[in-house]
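Descriptive structure summary
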Amino acid sequence: MCRTSLSVLLTNGGVGSTISTISDGKGEGDMRHNGHGVRSVDHLAYCSGMNDWNPGFKVVLSLGTLAICLAADRAVVSLAVIAVLAWLQNVRGGVRLSAYIGLLRAPLVFLLLGGLAVACDISRVPAGDWSLPLPGFYLCTDWDRARFACGLVLKALGAVSAMYLLALTTTACELVSVLHRVRLPSLLTELMYLTYRFIFVLLDTYGRMYDAAAARLGWRDFRTSCRSFGGTAANLLVVALRRSRNYSNAMAARGYDGALHFLEEKKPLRRAQVAWTLVFWTALLAMRLAAG
Amino acid sequence: MTGKQRKLVRITACAALLGCVLPTAGAMHIMEGFLPPAMCVLWGVAALPFLLAGYFSLQRAVVRDRRSVTLIAMAGAFIFVISSLKIPSVTGSCSHMTGTGLGAILFGPSAVSILGVIVLLFQAILLAHGGLTTLGANTFSMAVAGPFVSFGIYKLCQKLRVNKMVSVFLAAALGDLLTYCVTSLQLAVAYPSVVGGVSGSAVEFLGVFAPTQLPLAILEGVLTVAVMIMLESYARPELCAVGFEEG
């Protein structure tokens, strides 16, 4: 975690609630209650067993795997990527398999719907191997389209696994520091850093407003819910603006001149990790060649 | 089973299926790895001019007043939180707003475009909505097309002296609908159908996502109006502070 006097100062206003909310045991219920996966993914990233890996290396590992999975475009390679990365997350990262599968479920729904649209064709007359008669038209598909769609869904799932490798093991501030190192304009990295922190301030504030409304039966029926939603969202903007004024005053008082400097933990690159990655990538490429 | 019972089972099965689909397919992000590489690059390039314009306008704002950095970051966080909130829905399952219409009306479309990229990146990393390779395509549909059209409709309605809340509703609902149409079109261009080509495929993608997206667009309009009514009644100074002009 990156911390200096300035970040500690920002923390006082409640930004640090990220860490406190997730470690005080109330986190789990809170997540389900408000339906935010944000906290759970952030929580997993901070607690990951792979947190001490070099962040730059993790970016290269997941982007490289992503690129190989997309470029290879073979079901075998996609399956290997999905299986190996799930194993890595479970054994090295310490993510429970059930939690990992739960996280994959959201993208899966989109992929299955999208895959369905890719696999099927709409036509006025029956065509292909199967046709499903519907009022006014036929929904048809054949073996080739179905196989292509399955491959596409698997490929995308492999790519999602590769992205999860980054998301579930690397904290957002480390990622921003990697982006800063590859020369993204400092205005943008600074904005990203502040936005990331403010997200948790606002989520925390919203959680309290949500509970306050719930205690007054504000989510009783659809009409009341709409009113309550309007009220809380509008109030959230007002609170957000007031907070942002306070933060900018506090930062100006501590000599903020347009650059945020953070101390970073040194996370050395390990030879075994690099060797493992090269073996993994070579195996994937070999599979691609073998699959023809 | 009697015919009546069978019908009941069928109806509840359909409702259950819809319930499974609604909660997670709320936001129309194109998932990681779903688009071919050429399309990823193409949509990224298409979004670039808008992003550069947004970046330069931010840079000017920051040079003018150093302290606006926290305000802009807070606006980004606000859009993120609004788009990740569970919204009330008739079926009882949870769905999400896109928040682009509200953002465009409050902060202006060019600011929202650059904030949109940051929000989409965090959505990919923190929520696993969308992806890194599909960031360009998602940016184009959600951070460029949606906000600019919302803002355009809002301004047009103001010119035509339409009731303010009606124009807010139209801007948010139509902006949301357009985002969904653009996303379907992006998918269709990437995967044209054998029989009908791009247009046939677009109809399929529109059809697949319509049951969740049409009610959501209307709901988004209603909720945006609810938020604006509250802001107008309780937070006029704040509205002026973010650059929202009086209509």
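Predicted, not measured: the structure shown is a model, and the values here were computed from it. Numbering of residues begins from 1 in every chain and follows the order in which that chain's sequence is written. Written order determines the labels here, with chains lettered from A and ligands numbered from 1. Predicted model: local features are reported for residues with pLDDT of at least 70 only, side-chain atom pairs are reported and counted for 80 or more only, and whole-chain, interface and lining totals are derived from all residues. Side-chain figures throughout are based on the complete set of non-hydrogen atoms in the structure, without hydrogens or water.

Turning next to the overall build of chain B. Secondary structure elements follow DSSP: runs of H or I no shorter than four residues count as helices, runs of E no shorter than two count as strands, and numbering proceeds from the N terminus. Broken down by element type, chain B carries nine helices and two strands. Reading chain B from its N terminus to its C terminus gives the helix and strand order α-α-α-β-β-α-α-α-α-α-α. In chain B, of all internal contacts separated by at least 6 residues, the share reaching a separation of at least 24 is 74%. Here chain B has roughly 9900 Å² of accessible surface; of this, 73% comes from carbon and sulfur atoms. Contacts: residue pairs with any heavy atoms within 4.5 Å of one another. To measure how exposed things are, a 1.4 Å probe is used in the Shrake-Rupley method; for residues, cover is taken only from the protein chains shown.

Counting its secondary structure elements, chain A contains 12 helices and three strands. For every residue, the accessible area (1.4 Å probe, protein chains only) is compared with the maximum for its type, and the residue is labelled buried under 20%, exposed over 50%, or partly exposed between those bounds. Expressed as a percentage of its 292 residues, the buried residues of chain A come to 53%. Contacts in chain A between residues far apart in sequence, at least 24 positions, make up 71% of those at least 6 positions apart. Looking at chain A as shown, the accessible area adds up to about 13900 Å², and 62% of this sits on carbon and sulfur atoms.

Below, the discussion takes up the interface of chain A and chain B. In this complex, chain A contributes 76 residues to the contact, which on the side of chain B involves 70 residues. We define a salt bridge as a contact between a side-chain nitrogen of Lys or Arg and a carboxyl oxygen of Asp or Glu at a distance within 4 Å. In this assembly, chain A and chain B are joined by zero salt bridges. Per-element accounting of the side of chain A that touches chain B gives the leading share, 21 residues, to helix α11 (residues 222-253) of chain A.

Moving on to the pattern of salt bridges. Residues and elements named next belong to chain A. As enumerated under the stated definition, the model contains seven salt bridges over all chains in all. Salt-bridge contacts for Asp-52 lead to Arg-270; the nearest nitrogen and oxygen are separated by 3.9 Å. Placement of the pair is Asp-52 in the loop between α4 (37-47) and α5 (55-72) and Arg-270 in the loop between α11 and α12 (271-291), with a sequence separation of 218 residues. Note that Arg-181 and Glu-264 form a salt bridge whose closest N and O atoms lie 3.4 Å from each other. Of this pair, Arg-181 sits in helix α9 (residues 172-181) while Glu-264 sits in the loop between α11 and α12, and the two are 83 residues apart along the sequence. By relative accessible area, which is 42% here, Glu-264 ends up partly exposed.

The biggest cluster of nonpolar side chains holds 88 residues, and the ones touching the most others in it are Phe-78, Phe-80, Leu-106, Phe-122 and Leu-231 of chain B. Element by element, the count of residues in this core is highest for helix α10 (residues 186-215) of chain A, at 16 residues. Setting aside anything within four residues of it in sequence, one finds Phe-80 of chain B in contact with Val-38 and Ile-199 of chain A together with Val-119, Phe-122, Gln-123, Leu-126 and Leu-127 of chain B. Each nonpolar core is a collection of buried residues, namely Ala, Val, Leu, Ile, Met, Phe, Trp, Tyr and Cys, held together in the definition by side-chain atoms within 4.5 Å. If you look at the next biggest cluster of nonpolar residues, it comprises 45 residues, including Leu-113 and Ala-119 of chain A together with Ile-30 and Ala-202 of chain B.

Residue and element names in this part refer to chain A. Pairing between strands is defined by DSSP: at least two bridges between the two strands are required. Two elements, strand β1 (residues 121-123) and strand β3 (residues 137-141), share three bridges in a ladder whose sense is antiparallel. For Asp-121, the partnering residue across the bridge sits in β3 and is Cys-140. Of the pairings in the sheet, the one linking strand β2 (residues 130-134) to β3 comprises five bridges and is antiparallel in character. Within β3, the position partnered with Ser-131 by the bridge is Cys-140. Counted between consecutive antiparallel strands, the loop separating β2 from β3 contains two residues, among which Gly-136 sits at a positive phi close to 95°.

The next point concerns the UniProt feature "transmembrane region" (unreviewed entry) in chain B. Residue and element names in this part refer to chain B. When the UniProt feature table is mapped onto this chain numbering, "transmembrane region" (unreviewed entry) sits at residues 36-56, 68-85, 105-128, 165-182 and 216-235. For residues 68-85, helix accounts for 94% and strand for 0%, while the C-alpha atoms at its two ends are 26 Å apart. When the span residues 105-128 is considered, its composition is 92% helix and 0% strand, and the gap between its end C-alpha atoms is 27 Å. UniProt positions are given in the numbering used here, feature names are shortened, and annotations may be inferred rather than shown by experiment.

Residues and elements named next belong to chain A. The antiparallel open sheet is built from three strands, whose spatial order is β1-β3-β2. The sheet is open, and its two borders are formed by β1 and β2, each paired with just one other strand. Sheet twist, expressed as the mean angle between neighbouring strand axes with direction ignored, is 30°. With axes taken as lines fitted to C-alpha atoms, and helix axes fitted only over the stretch in contact, angles between N-to-C directions fall between 0 and 180 degrees.

To characterise two packed helices, one gives the angle between the axes of the helices and the distance between these axes. Residues and elements named next belong to chain A. The contact between α5 and helix α8 (residues 143-167) brings their axes to 8 Å, and the two run at 175°. Judged by the angle between their axes, α5 and α8 are roughly antiparallel. Within the contact between the two elements, α5 uses Lys-58, Val-59, Leu-61, Ser-62, Thr-65, Leu-66, Cys-69 and Leu-70 and α8 uses Lys-155, Gly-158, Ala-159, Ala-162, Leu-165 and Leu-166. Should an angle lie under 35 degrees it is considered roughly parallel, over 145 roughly antiparallel, and from 65 to 115 roughly perpendicular; all remaining angles are considered oblique.

This brings us to the environment of Pro-126 of chain A. Positionally, Pro-126 of chain A belongs in the loop between β1 and β2. For the pair Pro-126 of chain A and Ala-83 of chain A, spaced 43 residues apart in the sequence, the C-alpha separation amounts to 39 Å.

On to helix α7 (residues 97-119) of chain A, then. Along α7 of chain A, the largest kink reaches about 35° and is centred on Ala-106 of chain A; proline Pro-107 of chain A follows within four residues of it. Tyr-100, Leu-103, Leu-104, Pro-107, Phe-110, Leu-111, Leu-113, Gly-114, Gly-115, Ala-117, Val-118 and Ala-119 of chain A are the residues of α7 of chain A that are buried. Values of bend correspond, residue by residue, to the angle between axes fitted over the seven residues ending at that residue and the seven starting there.

In this section: a nonpolar patch on the surface. Like-charged residues within 9 Å of one another, or nonpolar side chains (Val, Leu, Ile, Met, Phe, Trp, Tyr) within 5 Å, are grouped into patches, provided each residue has over 30% relative accessible area and no salt bridge. Together, Leu-156, Leu-160, Val-162 and Val-166 of chain B make up a nonpolar patch on the protein surface, roughly 350 Å² of accessible area in all. On the secondary structure map, Leu-160 of chain B appears in the loop between α6 (135-159) and α7 (164-190).

Here we come to the confidence of the model for chain B. Residue and element names in this part refer to chain B. Looking at any residue, its pLDDT shows the predictor's confidence there, from 0 to 100. Mean pLDDT over chain B stands at 81; residues scoring 70 or higher make up 83%. Mean pLDDT across the elements of chain B bottoms out in helix α1 (residues 3-24) (52) and peaks in α6 (93). Low pLDDT (under 50) marks residues 15-26, which in the prediction has 19 contacts with non-local residues, meaning those over four places away or in another chain. Interface predicted TM-score (ipTM) for the complex: 0.79; the corresponding pTM is 0.80.

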